[in-house]
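The lines below spell out each chain.
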Protein chains: 2
Amino acid sequence: MDVFEAMSTTRAMRRLDTSKEVSDADVLTMVTYATKAATGGNSQPVRWMVVRDPDKRAALGAVYGECWRMVRPMYASREDEPAVARMLASADHLGDHMGDAPVIILPCSKGQEGQVESSIFPGVQNLFLAGRALGLGTTLTTVHRFKEDEVRTVLDIPADVNTWAMIPVGYPTGRWGEPKRRPVEDVTYWDTWKNPPPTA
Amino acid sequence: MDVFEAMSTTRAMRRLDTSKEVSDADVLTMVTYATKAATGGNSQPVRWMVVRDPDKRAALGAVYGECWRMVRPMYASREDEPAVARMLASADHLGDHMGDAPVIILPCSKGQEGQVESSIFPGVQNLFLAGRALGLGTTLTTVHRFKEDEVRTVLDIPADVNTWAMIPVGYPTGRWGEPKRRPVEDVTYWDTWKNPPPTA
């Protein structure tokens, strides 16, 4: 798949086909490409925690659901916006079904908040793009961090290791499509803050 | 370009051909694909600050060089390692020449450290991959944050806006090649912390 097509059509896939198996080989391909992203001083701090065991997935799903329900009221005032309503419907679905994802991946590392994220999330994007090319849907979620200790307990992760995201992986039930984004000229400044870019 | 090839061959390009112009159109293509990455609740918090003005680039380069020389002693004990020595040689080059890069891009946003990075760096990786497909080299640097106020002053960026990275962009003088990374089985755990993945 062309790299521009992969970037254009990788969107949050929160509804997964829970009956369709994901191969270990495809998961390892995703992680292999995730490791190719840059990290500060090539420190490669990320450990990719792959969860396939059904009981552990169910336990993670329960924690995720509790956290999602804690966060959800933040969106209450925007439920009238059609795009937000659509997002909430699929996020609610994920809140109930995270544990049913065939695979859950958590990028983990030691290191202080606010200092190592730049070495974590570029690799996460590679993970997503590799998944896209293999036909596998993903979504970036971070709300489990409200109850990160419970997640650590499920997976025997030491207290000094952070779990930066909880990523469900599986074949999506929806279609791939371009996510809605603001036009580039609205989010790009040129030489000075708020100075627009040249018209292309 | 195939997405897997792009991910395999996107490595830190710290030596740029400063005589070869980069088109505005290519810069806007890079930013366009950067905007396609996921952000929390599709909040799209990033503003992409593109710096082409030579005086502003020189000023940013001076700040960057000071910050790099602050950080560099951290690597002193590892200068004997060949890979570290090679990295330091090119990082020293960048320390002296950041301001000569034809373009410098800074992803900016409001939002607390440790909370919005997951909405910033996936887009940065897309920026890099789009650059790769266009033949443009990039490097992720964050050391300018030791003197972030000076960077804000150069670019008239408000005090409540963070500048997450300083990314030089240009045609590289070196060749594209696969970066050295640990084997996937060394950085992947399966179901439980430190439990290795199945052999592929």
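Preceding block: the structure.
Caption draft 1: Structural view of the overall build of chain A. Along its length, chain A carries six helices and six strands. In sequence order, chain A lays out its α and β elements as α-α-β-α-α-β-α-β-α-β-β-β. For 200 residues, the compact-globule estimate of 2.2 N^0.38 gives 16 Å, and chain A sits close to it at 18 Å. Reported as C-alpha extents along the three principal axes, the dimensions of chain A are approximately 55 × 45 × 35 Å.

Caption draft 2: Local environment of the interface of chain B and chain A. On the chain A side, the residues contacting the 71 residues of chain B number 71 residues. Carbon and sulfur atoms supply 62% of the area buried between chain B and chain A, which totals about 6400 Å² over both sides. Along the contact surface separating chain B from chain A lie two salt bridges. For K36 of chain B, the salt bridge is made with E178 of chain A, and the minimal N-O distance between the two is 3.4 Å. One can count 34 residue pairs in polar contact (both at pLDDT 80 or more) joining chain B with chain A. Those elements that place two or more of their residues in the side of chain B that touches chain A are α1 (3-9), α2 (24-34), β1 (47-51), α5 (121-134) and β6 (188-190) of chain B. Grouping the amino acids of the side of chain B that touches chain A by side-chain chemistry returns 39 nonpolar, 16 polar and 16 charged. Inspection of the sheet shows strand β6 (residues 188-190) of chain A paired to β1 of chain B by three bridges, in the parallel sense. Paired with W190 of chain A across the strands is V50 of chain B, a residue of β1 of chain B.

Caption draft 3: Structural detail: the relation of the copies chain B and chain A. When chain B is fitted to chain A, the best match, at an RMSD of 0.0 Å, comes from turning it 180 degrees and sliding it 0.0 Å along the axis. As the rotation angle and translation indicate, the two copies are arranged about a two-fold axis. Most of the interface of chain B is mirrored in chain A, where 100% of its interface residues again form contacts.

Caption draft 4: Helix α3 (residues 54-71) of chain B, seen in detail. Under the 1.5 Å per step criterion, the end-to-end length of α3 of chain B is 25 Å for 18 residues, consistent within 8% with the ideal 26 Å. Close packing links the buried residues of α3 of chain B with β1, α4 (82-97), β2 (103-109) and α6 (148-155) of chain B.

Caption draft 5: Main features of the side chain of S109 of chain A. Residue and element names in this part refer to chain A. Relative to the assigned elements, S109 resides in strand β2 (residues 103-109). Side-chain polar atoms of S109 contact the side chain of W164, separated by 2.8 Å. Leaving out residues up to four positions away in the same chain, S109 has contacts with P45, V46, V116, I120, D160, V161, N162 and W164.

Caption draft 6: Just the nonpolar core, in detail. Residues W48 and L127 of chain A together with W48 and L127 of chain B are the most contacted members of the largest nonpolar core, which totals 66 residues. Filtering out sequence-adjacent residues up to four positions away, L127 of chain B remains in contact with M30, V31, A34, W48, I105 and I167 of chain B.

Caption draft 7: View of the pattern of salt bridges. Residue and element names in this part refer to chain A. On inspection of all chains with the given rule, the structure shows 27 salt bridges over all chains. Taking the shortest distance from any N to any O, the salt bridge between E113 and R145 comes out at 3.5 Å. Note that E113 is positioned in the loop between β2 and α5 (121-134) and R145 in the loop between β3 (137-138) and α6 (148-155), a separation of 32 residues in sequence. Owing to a relative accessible area of 45%, E113 belongs among the partly exposed residues under this scheme. Across the salt bridge formed by K147 and E150, the nearest N and O atoms sit 4.0 Å from each other. Three or more residues are tied together by salt bridges with common partners; here these are E113, R145, E148, D149 and R152.

Quick notes on the rules
Residues numbered from 1 in each chain as written. Chains lettered and ligands numbered in written order. Predicted model: local features only at pLDDT ≥ 70, side-chain atom pairs only at ≥ 80, totals over all residues. Heavy atoms only, no water. Helix = DSSP H or I, 4+ residues; strand = E, 2+ residues; numbered from the N terminus. Rg over C-alpha atoms; globule rule 2.2 N^0.38 Å. Contact = heavy atoms within 4.5 Å. Buried area = accessible area lost by both parts, 1.4 Å probe. Salt bridge = Lys/Arg side-chain N within 4 Å of Asp/Glu carboxyl O. Polar contact = N/O pair within 3.5 Å; in protein donor to acceptor, adjacent residues only side chain to side chain. Nonpolar A, V, L, I, M, F, W, Y, C, P; charged D, E, K, R; others polar. Pairing = 2+ DSSP bridges. Least-squares fit on C-alpha atoms with pLDDT ≥ 70 in both. Expected span 1.5 Å × (residues − 1). Core = buried A, V, L, I, M, F, W, Y, C linked by side-chain atoms within 4.5 Å. Buried < 20%, exposed > 50% of the residue type's maximum accessible area, 1.4 Å probe, protein only.

Interpretation note: all reported values are geometric properties and have no functional meaning in isolation.
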